[in-house]
Amino acid sequence: MVRVQRWVALAAGLAVLFAGLVARLFWLQVRPALVAPEGQALVRQSVMQRRTAVVLDEGRGLVADRRGRLLAGIPSFGLLVRPADDASEEEVREAARLIGEPAGRLQSVLENLERPALLHREGEREPAALDRRRAAAVNAFGRPWLKAVPCRRRYLDPPAAAHLVGFVLHRDRTGAAGLERTFEPFLRPRSRVLLAFRRLATGEPAGGDDGRLVKDGSDFYPLTVRTTLDLDIQRTVERLMEETGIGDGAAVVLDVPTGDILAMASAPAFDPYFVRPEEGRWRNRALMAETPGSVFKTVIAAAALEAGVARPGERFFCNGRHARTGLRCHARKGHGAISLEEAYAKSCNVVFAELALRLQAGRLERAARRLGIGKPAGWRAERLGTPFGTLRGFAQLDGEEAGRLFARGAPPDDPAVLALTGIGQHSVRITPLQAAQWTAAVAAGGGPLPAPRAVSRVTWKNGREMVRFPVKAHPGTGFSPHAARWLKKAMRLAAESGTASRLSGLPGGAAGKTGTAETGNGGLVHQWFTGFYPLERPRYAVAILVRNRPAGSANLAVEAAEKLFRRLP
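First, a word on scope: everything that follows refers to the structure included in this document. (Residues numbered from 1 in each chain as written. Predicted model: local features only at pLDDT ≥ 70, side-chain atom pairs only at ≥ 80, totals over all residues. Heavy atoms only, no water.)

1. Here we look at the overall build of the protein
The condition is simple: Numbered from the N terminus, helices here are DSSP runs of H or I no shorter than four residues, and strands are runs of E no shorter than two. Burial here depends on accessible area, computed with a 1.4 Å probe over protein chains only, as a share of the maximum for the residue type. Under 20% is buried, over 50% is exposed, and the range in between is partly exposed. Residue contacts are defined here by distance: any two heavy atoms, one from each residue, within 4.5 Å place the two residues in contact.
In terms of regular secondary structure, the protein is built from 16 helices and 22 strands. Looking at the protein as a whole, 54% of its 569 residues are labelled buried. Restricting the contact set of the protein to residue pairs at least 6 apart, pairs at least 24 apart contribute 70%.

In structure tokens form, the structure reads like this:
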């Protein structure tokens with residue numbers, strides 16, 4: 001009896017061991033083919049060992065605008081070249097003419113090839129791209145050693161929203177800046193498209209093999225990161241910056257009802273395929289904090305009204321110099337008797353220095369916190385649940401600066417410091433996105449500051465939603481309805497007869513505030529504009545910064561805004 005029990009136990013143990021072995025084989029071979037983890041599926045590896053392959057699509061996720069138009073992961077045509085010992089000089093010259101490549105270089109490429117590859121133009125890191133017309137001409141040429149094949153280029157030509165989208169490191173193909181970096185968990189390749197060729201025992205490609213398309217990974221990928229950008233508005237902003245001569249600066253357009261980022265542009269431009277990090281051209285100036293100058297008077301006016309230290313219609317007198325601190329007004333002879341609304345519209349330094357002194361440091365600091373200074377403006381979440389796990393401290397915008405009111409160690413109660421703070425100088429720093437964020441809240445009639453989104457959702461390959469980023473606002477921030485109503489009227493006055501009067505006469509009307517910030521750098525200034533359009537039921541909030549302009553020069557920011565408002569849909 002004992003012997004029978006032992007045999008039964010042994011058989012049961014062997015059955016369990018065999019079941020475990022089968023389960024392990026399933027895990028190693030079948031499961032990778034279904035879910036496509038980070039490495040290649042093992043069931044495909046044995047096939048690929050007998051083949052040489054050209055990567056047509058590395059499988060990185062796509063980036064699209066709000067209407068689904070692609071900003072990254074662009075369908076294109078690449079040039080597949082194969083070893084060609086029998087290609088005549090005449091054929092090579094004709095092929096070079098078709099693809100726009102020097103004949104000598106194409107001949108050299110063909111002679112030195114050991115296996116099929118995508119052609120790179122000289123000095124470029126990414127494969128050359130063809131338009132549909134040239135691709136058809138290449139394939140009509142009909143030579144086996146030159147073929148146009150569908151592939152993906154990473155970015156549009158020219159790129160759109162390059163500073164916001166960011167770039168990928170060439171070496172390891174991971175996101176290094178912008179949305180490419182912050183959305184790396186979603187964009188990381190999990191499925192590739194290869195053109196595979198049979199190899200002989202010698203390792204050489206088999207002759208007469210035109211290649212076979214192989215999908216290496218899961219059918220659920222690549223994912224699409226759907227941004228809030230409007231490609232038409234983005235292109236309009238980028239063209240206007242170039243037309244206006246803004247070679248150093250930034251522009252932001254927000255959707256007033258939601259706070260979404262419709263466009264975000266930065267200058268100088270950079271090539272996302274060839275980035276020199278030390279130059280810093282890739283940095284997004286829309287997210288970098290700068291001295292704001294008089295656009296900061298929006299904050300001071302709201303703080304003074306809400307604290308009760310100033311009242312609508314209050315009268316002041318400006319003789320060109322603030323009595324207590326000696327701060328000069330830009331109107332050297334002064335504005336004379338002036339109302340609070342006129343002081344905002346005409347940007348009177350004397351009045352706003354006085355308001356800052358009335359507020360004192362404590363109330364200024366509380367107002368600054370309420371208007372988001374000291375915290376990044378963009379959409380973020382402490383915890384974001386995804387199929388890949390929980391992302392902690394997730395922020396959509398890469399490298400966004402928080403701005404500041406007083407620098408560490410500055411004596412905030414010093415009257416001179418307060419006066420300069422009241423006109424947006426001394427230690428004050430804000431980003432163009434923060435300026436647009438305030439303006440959107442004012443245009444909406446008050447309430448909390450929006451948390452501008454750059455991305456609304458991430459979808460699977462079949463279009464179904466994976467993760468949604470809901471519209472939201474920053475709690476405990478914003479303008480009271482009373483202050484917002486006053487600011488809307490004051491910004492309208494500035495556009496009609498004040499420092500932003502270039503906007504007067506626009507169809508639909510506009511409102512705004514200009515600013516000129518001293519930089520302390522050889523007489524150069526930063527020029528600002530922030531405003532909304534149209535006057536009734538505003539749709540767009542805009543902030544524009546032009547850096548390092550000669551003092552006394554025309555304000556390019558308001559010039560660009562006027563042209564932009566005329567072109568917005």
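2. Things to note about the packing of aromatic side chains
Quick reminder of the rule: Each pair of aromatic rings taken from Phe, Tyr and Trp, with Trp reduced to its six-membered ring, is defined by centres within 6.5 Å and is described as stacked if the planes are under 30 degrees apart, edge-to-face if over 60, and tilted in the remaining cases. We count a charge as sitting over a ring when the NZ of a lysine or the CZ of an arginine lies within 6 Å of the ring centre and within 35 degrees of the ring normal.
Evaluation of the coordinates by the stated rule reveals 17 aromatic pairs. On the numbers, 6.1 Å between centres and 70 degrees between planes, the contact of F167 with F270 is edge-to-face. Here the residue F167 occupies a position in strand β7 (residues 167-168), and F270 occupies one in the loop between β13 (261-267) and α10 (297-307), the gap between them amounting to 103 residues. Residue F167 is classed as buried on the basis of its relative accessible area of 8%. What makes F270 buried here is its relative accessible area of 12%. With a centroid separation of 5.2 Å and an interplanar angle of 90 degrees, the aromatic rings of W379 and F469 are classed as edge-to-face. Placement of the pair is W379 in the loop between α12 (349-370) and β16 (380-386) and F469 in the loop between β19 (465-468) and α15 (481-497), with a sequence separation of 90 residues. Side by side, W379 and F469 carry an identical accessibility label, which is buried. An aromatic cluster is built from F183, F186, W379, F388, F394 and F469, whose rings are joined through pairwise contacts. Across from the ring centre of F388, 4.2 Å away, lies the NZ or CZ of R190, which sits over that ring. The lysine or arginine in question, K513, covers the ring of Y344, its NZ or CZ lying 5.5 Å from the ring centre.

3. Looking at the sheet that holds strand β12 (residues 249-255)
Where we set the bar: If DSSP finds at least two bridges between two strands, the strands pair. All axes are obtained by fitting lines to C-alpha atoms, using only the stretch in contact for helices, and the reported angles, taken between N-to-C directions, cover 0 to 180 degrees.
Within the open sheet, the five strands sit side by side as β13-β12-β22-β21-β20. Their pairing is antiparallel. Edge strands, defined here as strands with exactly one partner in the open sheet, are β13 and β20 (511-521). Put simply, the sheet's adjacent strands are angled 10 degrees from each other on average, direction ignored. In the packing of α15 onto the sheet, the strands contacted are β20 and β21 (524-533), and the crossing angle to β20 comes to about 75 degrees.

4. As for unusual backbone geometry
Note that the residue after Y221, namely P222, is joined by a cis bond; omega there is 10 degrees. Checked against the element boundaries, P222 lands in the loop between β10 (212-217) and β11 (224-227). Look at the link from Y533 to P534: it is a cis peptide, with omega at -15 degrees. With respect to the secondary-structure elements, P534 resides in the loop between β21 and β22 (540-550). Backbone geometry at S347 places phi at a positive 60 degrees, although glycine is not the residue there.

5. Some thoughts on the environment of D157
With respect to the helices and strands, D157 occurs in the loop between β6 (146-155) and α6 (162-165). On the accessibility criterion, D157 (78% relative accessible area) is exposed. A C-alpha to C-alpha distance of 9.5 Å links D157 and I74, two positions 83 residues apart in sequence.

6. A word on α12
What counts here: A helix is expected to span 1.5 Å multiplied by its residue count minus one. A residue's bend is the angle separating two fitted axes: one through the seven residues that end there, the other through the seven that start there.
Relative to the 32 Å expected for 22 residues at 1.5 Å per residue, α12 spans just 23 Å between its end C-alpha atoms, considerably shorter than the ideal helical length. When the local axis directions of α12 are compared, the greatest deviation, roughly 100 degrees, occurs at Q360. Once α12 finishes, G372 follows within two positions and takes phi at roughly 85 degrees, a positive value.

7. Regarding the pattern of salt bridges
Stated formally: Salt-bridge detection follows one rule: a side-chain nitrogen of Lys or Arg within 4 Å of a carboxyl oxygen of Asp or Glu.
Counted by the stated rule, this structure contains 37 salt bridges. The shortest N-O distance in the salt bridge between D216 and R192 comes to 3.3 Å. Of this pair, D216 sits in strand β10 while R192 sits in strand β9 (residues 191-198), and the two are 24 residues apart along the sequence. Here E290 ties to R547 by a salt bridge, and the two come within 2.8 Å at their closest N and O atoms. One end of the pair, E290, is in the loop between β13 and α10; the other, R547, is in strand β22, and 257 residues separate them in sequence.

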